[in-house]
2 protein chains.
Amino acid sequence: MTERRSSDQTRAAILRAARQRFAAQGYERTTIRAVAADAAIDPSMVMRYFGSKEQLFDAALAVDLRLPDLGAVPAAEVPAALVRHFVERWEGDPADDALLVLLRSAVTHEQAADRMREVFAAQVAPALAAALGPERAARTAGLVSAQLLGLALTRYLLRLPAVTALSPDDLVAGLAPALAATLAG
Amino acid sequence: MTERRSSDQTRAAILRAARQRFAAQGYERTTIRAVAADAAIDPSMVMRYFGSKEQLFDAALAVDLRLPDLGAVPAAEVPAALVRHFVERWEGDPADDALLVLLRSAVTHEQAADRMREVFAAQVAPALAAALGPERAARTAGLVSAQLLGLALTRYLLRLPAVTALSPDDLVAGLAPALAATLAG
DNA sequence: TCCTGATGTCAACAGCCGTTGGCCAACAAT
DNA sequence: ATTGTTGGCCAACGGCTGTTGACATCAGGA
């Protein structure tokens, strides 16, 4: 174990800068040169650490939704808990751009869309299955995701005034009954 | 009035090719050269007809949602009518990519996001106001849009299997009660 | 006949991009 | 003292992009 201190630091700096750029501008508009400038190093270092722009992108796409264990909450409160967790996740730590990277890029980049589907299959679907039982989850998981991602899309990417104007509490109050309705369907 | 036949035709051909490219690949990945090749003309003609890539893009963003008059349907049937019209609009004529262009590009291109907000303000908001009355529309238009655009996002852009697996009827059955719930909220 | 305007082609420019390879300084081990 | 490794910079290549301007073609009016 030699001193890898500096190496790890710049690697992290590159990844942080890349996440910010990818989140703000999407894949095609962010350049290696800009990421390198943000991280205060030479563009060629980005290549040395990550191999290529695609691989850097891939590293930036790692996302953990940190979904709560929905099996623990009473069935009646699942919708509100879902919306609240989701909003807090987006509204919260602005340095945590991983989610934004994923959603913004997935719309134009097939590789990111693949990741999105993986995240969905590996994290969202099981969480819902734990809360609702397998059959109901299979029937409603798609529409539940559509509603939650629709919120993210209109509020954080498109920034529709009618959506950004709402407070987090408004969002919970307005969407929780909607989720409850599709779950009951 | 001289014979402008050829001019109008190539102009339309360029616009058609541009819409397809923008819809499939987004703004940054579509090149003037590719659009010109699709339209079977020289790249410089695109510039002559539209001035610049940005202006061509702007022309491609013209969208008419053709929302039905919701004032005519009974209040109880508004949610289902909304979802059905929306799904038919997307599912229908595949040559009509204008909506896809707008949504796909709005996520990474600020100019397109502006257009999206304009379309919302000029078409969606008034239609809802006619159906629900001004105060309720103001309160719920944002969340209704979020749910409808969430469907478009997950079904046509991200193509989440759990959403593409559903039939149009499933979508109406699953989302109409949800919309009704937020409208009642 | 000559001219003019529209329609279209061709070739090139300038800029930015991802990527590469060579060179340098510091430092640890031999 | 020499060697090898690590972390870093610099300059360049080749490719693709939007964009431009010079030229070709051809119809129709003076």
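Just above sits the structure.
Here the structure is a predicted model, which means the values were calculated and not measured.

Colleague: Just to check I follow, could you spell out the protein's contact with DNA strand C for this structure?
Modeller: Thr-31, Arg-33 and Lys-53 of chain A together with Ser-7 and Arg-48 of chain B are the nearest of the 18 residues found near DNA strand C. For DNA strand C, a base nitrogen lies 3.1 Å from a polar atom in the side chain of Ser-44 of chain B. Counting only elements with at least two residues in the surface near DNA strand C, the list comes to α2 (32-38) and α3 (43-50) of chain A together with α1 (5-29) and α3 (43-50) of chain B. Here the surface near DNA strand C takes four residues from α3 of chain B, the largest share from any one element. When grouped by side-chain class, the residues that make up the surface near DNA strand C number five nonpolar, eight polar and five charged.

Colleague: What is the right way to read the environment of Ala-146 of chain B from this model?
Modeller: As for its position among the elements, Ala-146 of chain B is in helix α8 (residues 134-157). Accessibility expressed as a relative area gives 0% for Ala-146 of chain B, which makes it buried. The spacing of Ala-146 of chain B and Leu-61 of chain B is 85 residues in sequence and 20 Å in space, taken between C-alpha atoms. Setting aside residues no more than four positions away along its own chain, Ala-146 of chain B makes contact with Gly-150, Leu-151 and Thr-154 of chain A.

Colleague: Quick question: what am I supposed to make of the relation of the copies chain A and chain B here?
Modeller: What relates the two chain copies is a rotation about an axis together with a slide along it. The operation relating chain A to chain B is a screw motion whose rotation component is 180°, with 0.0 Å of axial translation and a residual RMSD of 0.1 Å. Considering both components of the superposition, the chain copies are consistent with a two-fold axis. Across chain A, the smallest distance between a C-alpha and the rotation axis is recorded for Gly-150 of chain A, namely 1.7 Å. Taken together, the interface assignments show that 100% of the residues at the interface of chain A recur at the interface of chain B, consistent with an identical surface on both copies.

Colleague: I keep staring at the protein's contact with DNA strand D and nothing clicks. Help me out?
Modeller: Taken together, 18 residues lie near DNA strand D, and Ser-7 and Arg-48 of chain A together with Thr-31, Arg-33 and Lys-53 of chain B sit nearest. Among atoms of DNA strand D positioned within 4 Å of the protein, sugar and phosphate together represent 49%. A distance of 3.3 Å is found between a phosphate oxygen of DNA strand D and a side-chain nitrogen or oxygen belonging to Thr-10 of chain A. A distance of 2.9 Å separates a base nitrogen of DNA strand D from a polar atom in the side chain of Ser-44 of chain A. Sorting the residues of the surface near DNA strand D by element identifies α1 (5-29) and α3 of chain A together with α2 (32-38) and α3 of chain B as the ones contributing at least two each. The element contributing the most residues to the surface near DNA strand D is α3 of chain A, with four residues. Taken together, the residues that form the surface near DNA strand D break down as five nonpolar, eight polar and five charged.

Conventions adopted
Residues numbered from 1 in each chain as written. Chains lettered and ligands numbered in written order. Predicted model: local features only at pLDDT ≥ 70, side-chain atom pairs only at ≥ 80, totals over all residues. Heavy atoms only, no water. Near = heavy atom within 4 Å. Polar contact = N/O pair within 3.5 Å; in protein donor to acceptor, adjacent residues only side chain to side chain. Helix = DSSP H or I, 4+ residues; strand = E, 2+ residues; numbered from the N terminus. Nonpolar A, V, L, I, M, F, W, Y, C, P; charged D, E, K, R; others polar. Buried < 20%, exposed > 50% of the residue type's maximum accessible area, 1.4 Å probe, protein only. Contact = heavy atoms within 4.5 Å. Least-squares fit on C-alpha atoms with pLDDT ≥ 70 in both.

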